[in-house]
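Fold and geometry: a report
What follows is the residue order along each chain.
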Amino acid sequence: VIDSDVSASSLTLNSDSASVTISSGNSLSLSNDLTTNDGEFILNSSSSSFSSMIIDGDSFGDITYNRWINSISTESPSDNDPGWDLVGSPLVGAELTTSNFSQNGTIDAIMPYDNSDNTWTSTDTETFSTTSGQGYAMAKDVAAVESFTGTVETDDMSVSISNNNGSGNGTQWNLIANPYTSYLALNSSASSNSSLTNDFITENASVLGSQANEDALWYWNGSDYGQYNNASDAVYITPGQGFFIASQTGGGTINFTKTMQTTAGSDDFIEGDVMPDEDRAKLFIGLQQNSIERETEIYFLTNTSDASDPTYDARTFPMGDNNTSIFSRLVEGDEGTNLGIQSLAYSEMWDKVIPIGVNVSGGEEMIISISHRTTPADLNIYLEDTEEGTMTNLLEGDFVMTPTSDLSGAGRF
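What this report covers is the structure whose coordinates are included nearby. (Residues numbered from 1 in each chain as written. Predicted model: local features only at pLDDT ≥ 70, side-chain atom pairs only at ≥ 80, totals over all residues. Heavy atoms only, no water.)

Observations concerning the overall build of the protein chain
When helices and strands are counted, the protein chain shows two helices and 38 strands. Along the first, second and third principal axes, the C-alpha set of the protein chain runs to 75 × 50 × 40 Å. Buried positions account for 54% of the 413 residues belonging to the protein chain. Of the roughly 17,300 Å² of accessible surface on the protein chain, 41% is carried by carbon and sulfur atoms. A gap of 6 Å separates the mean positions of the 11 positive and 59 negative side-chain charges of the protein chain. (Helix = DSSP H or I, 4+ residues; strand = E, 2+ residues; numbered from the N terminus. Buried < 20%, exposed > 50% of the residue type's maximum accessible area, 1.4 Å probe, protein only. Areas by Shrake-Rupley, 256 points an atom, 1.4 Å probe, with all protein chains shown as cover. Lys, Arg positive; Asp, Glu negative; His and termini not counted. Charge placed at Lys NZ, Arg CZ, Asp CG, Glu CD.)

Comments concerning the pattern of salt bridges
Summed over all chains, the structure comprises 11 salt bridges. Of the charged contacts in the structure, one is a salt bridge between Asp-385 and Arg-412, with a shortest N-O distance of 2.8 Å. On the criterion of sequence distance, the pair formed by Asp-385 in strand E36 (residues 382–385) and Arg-412 in the segment after strand E38 (399–401) is long-range, its members being 27 residues apart. Judged by its relative accessible area of 1%, Asp-385 is buried. The class for Arg-412 is buried, based on a relative accessible area of 15%. Residue Arg-412 is joined to Glu-388 by a salt bridge in which the shortest nitrogen-to-oxygen separation is 3.9 Å. Of the two residues, Arg-412 is situated in the segment after E38 and Glu-388 in the loop between E36 and strand E37 (390–393); the sequence distance between them amounts to 24 residues. Linked by salt bridges that have partners in common, Asp-385, Glu-387, Glu-388 and Arg-412 make up one network. (Salt bridge = Lys/Arg side-chain N within 4 Å of Asp/Glu carboxyl O.)

Looking at the sheet that holds strand E6 (residues 40–43)
With respect to topology, four strands assemble into an open sheet ordered E3-E6-E9-E19, the strand pairing being mixed. Each edge of the open sheet is held by one strand with a lone partner, namely strand E3 (19–22) and strand E19 (144–150). Each strand of the sheet is rotated relative to its neighbour by a mean of 20 degrees, with strand direction disregarded. Strand direction decides the pairing type here: E3 and E6, joined by four bridges, are parallel. Its bridge partner lying in E6, Ser-19 is registered against Glu-40. (Pairing = 2+ DSSP bridges. Axes fitted to C-alpha atoms, helices over the stretch in contact; angles between N-to-C directions.)

A look at the sheet that holds strand E1 (residues 5–8)
Strand order across the open sheet formed by three strands is E1-E4-E7, with parallel pairing between neighbours. Each edge of the open sheet is held by one strand with a lone partner, namely E1 and strand E7 (52–55). The average undirected angle you get between the axes of adjacent strands in this sheet is 10 degrees. Pairing of strand E4 (residues 27–30) with E7, which is carried by four bridges, proceeds in the parallel orientation. In the strand pairing of E7, Leu-28 is matched with Met-53.

Quick word on the layout of surface pockets
In this structure, the second largest pocket encloses a volume near 520 Å³. Along its surface, the second largest pocket is lined by 24 residues, and Lys-352, Val-353, Ile-354, Ile-381 and Tyr-382 are the ones closest to its centre. The biggest single contributor to the lining of the second largest pocket is E36, with three residues. Each residue belonging to the lining of the second largest pocket can be placed in one class, and the counts come to 17 nonpolar, three polar and four charged. (1 Å grid on protein atoms, 1.4 Å probe; cavity = no way out; pocket = protein on both sides within 12 Å on 5 of 7 lines; lining within 4 Å. Points joined across faces, edges and corners; volume = space filled by probe spheres on them. Nonpolar A, V, L, I, M, F, W, Y, C, P; charged D, E, K, R; others polar.)

Structural notes on the nonpolar core
In this structure, Phe-300, Met-366, Ile-368, Phe-399 and Phe-413 are the most contacted members of the largest nonpolar core, which totals 25 residues. When residues of this core are traced back to their parent elements, those giving at least two are strand E29 (281–289), strand E30 (292–301), strand E34 (356–359), strand E35 (366–373) and E38. With four residues, E29 is the largest single contributor of residues to this core. Residues within four places of Ile-368 in sequence aside, it is in contact with Ile-285, Gly-286, Leu-287, Ile-326, Val-358, Leu-383, Leu-394, Asp-398 and Phe-399. (Core = buried A, V, L, I, M, F, W, Y, C linked by side-chain atoms within 4.5 Å. Contact = heavy atoms within 4.5 Å.)

A look at unusual backbone geometry
Phi is positive for Asn-213, close to 70 degrees, though the residue is something other than glycine. Structurally, Asn-213 is set in the loop between helix H2 (200–204) and strand E23 (217–220). One non-glycine residue, Asn-290, lies in positive phi territory at about 50 degrees. Its place among the elements puts Asn-290 in the loop between E29 and E30.

A closer look at empty space enclosed by the protein
Throughout the structure, instances matching the rule amount to one cavity of 30 Å³ or more. Its boundaries defined by the atoms lining it, the largest cavity holds a volume of some 30 Å³. Lining the largest cavity are Met-53, Ile-54, Ile-55, Val-152, Glu-153, Thr-154, Thr-181, Lys-258 and Gln-261. The element that contributes the greatest number of residues to the lining of the largest cavity is E7, accounting for three residues. When its residues are assigned to classes, the lining of the largest cavity shows four nonpolar, three polar and two charged.

Here we look at the packing of aromatic side chains
Scanning all chains against the criterion turns up 17 aromatic pairs. Judged by centre distance (5.1 Å) and plane angle (90 degrees), the ring pair of Phe-128 and Tyr-136 falls under edge-to-face. The class for Phe-128 is buried, based on a relative accessible area of 11%. Residue classification places Tyr-136 among the buried residues on the basis of a relative accessible area of 1%. Summarising the aromatic geometry, the rings of Tyr-219 and Tyr-228 are spaced 4.4 Å apart at their centres and angled 10 degrees between planes, so their arrangement reads as stacked. With respect to burial, Tyr-219 and Tyr-228 carry one shared label: buried. An aromatic cluster is present here, built from Tyr-113, Trp-120, Trp-173, Trp-218, Trp-220, Tyr-225, Phe-244 and Phe-317 joined pairwise through their rings. For the cation-ring pair, Lys-140 lies above Phe-101, with the distance from its terminal atom to the ring centre recorded as 5.1 Å. (Phe/Tyr/Trp six-rings, centres within 6.5 Å; stacked < 30°, edge-to-face > 60°. Lys NZ or Arg CZ within 6 Å of the ring centre and 35° of its normal.)

In structure tokens form, the structure reads like this:
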């Protein structure tokens, strides 16, 4: 049992009775080959911890990755039952037994996304063959690990993506997944922190998105879609983690490379509270209504501007529940795109007016507040209601109102 972070030259299982297990949260790094033609080799995970393995040489024989899958029920999504996971296979050639997953009549809860008509494809076969690098919506009746058995991908690999936006109900969105048994550096902060030469956003920026603010990735957090890009703190993609990206017009190719691989990482897309660098600060503005909580993220960095900044601004995800939502608009050059992430110059944050938009229902109390910040202590943060002519210092209290009718779009706040 490997219950720490271990590095070695090579590893060979020499008999059928041989067994190696990497415990959740631990890792194995091999500078040469892994041979598992005999015996049993297992990587484990839990709801909040994943094992990781990097092989610089080749891998011979099958292994098993026990990948955590959420449950789904009538209580979903909730803290105890978050519902659907976006998951792909961390191994090549894995076949799943569909009866192990949640059932809806004869339909099993393993669903690929089809962007030609913006639909989820149901599965009704006894076994389901996974495709490396592709993501799926998965769920179990009771949250637990599911065994993926196959071979380890030890080379760079590519995934074709398509853009069907403008063709019937088609979209530019593609559901893909980390095909490796290791974590991947998602953004430039992650590659810098891990002393890597590459990360997912930087490697693929040229093919991400058919319009501005789409060079990011969007993830499911159990109740809503969030987004990450180069403005975000260091983020790592767990083995088998699924996520959405947008394709450039005409389609393209997404590259997963070994230079992105790292054993660093923890949970599946749950970000820790990292203290900011000297010239880096965060301001997250939250919205609450009817027990629904949403937020928009604003970053103050040294290398960004009031206008659109590729890989540092990201739009909201249109397939989420946007009936209750909060977003920002570009300070300069606004073209009507609702932003989930906006990055602005650190040196100018003391004198900045940022358009905020909300979508809420009339007749129900709504609350706008600071949900998270690492901004300097001498920065006051006011919410202006231009219709009522009020200024609320959000450092002193929340903005609370009950709109008489539905509110939507930007312009008021």
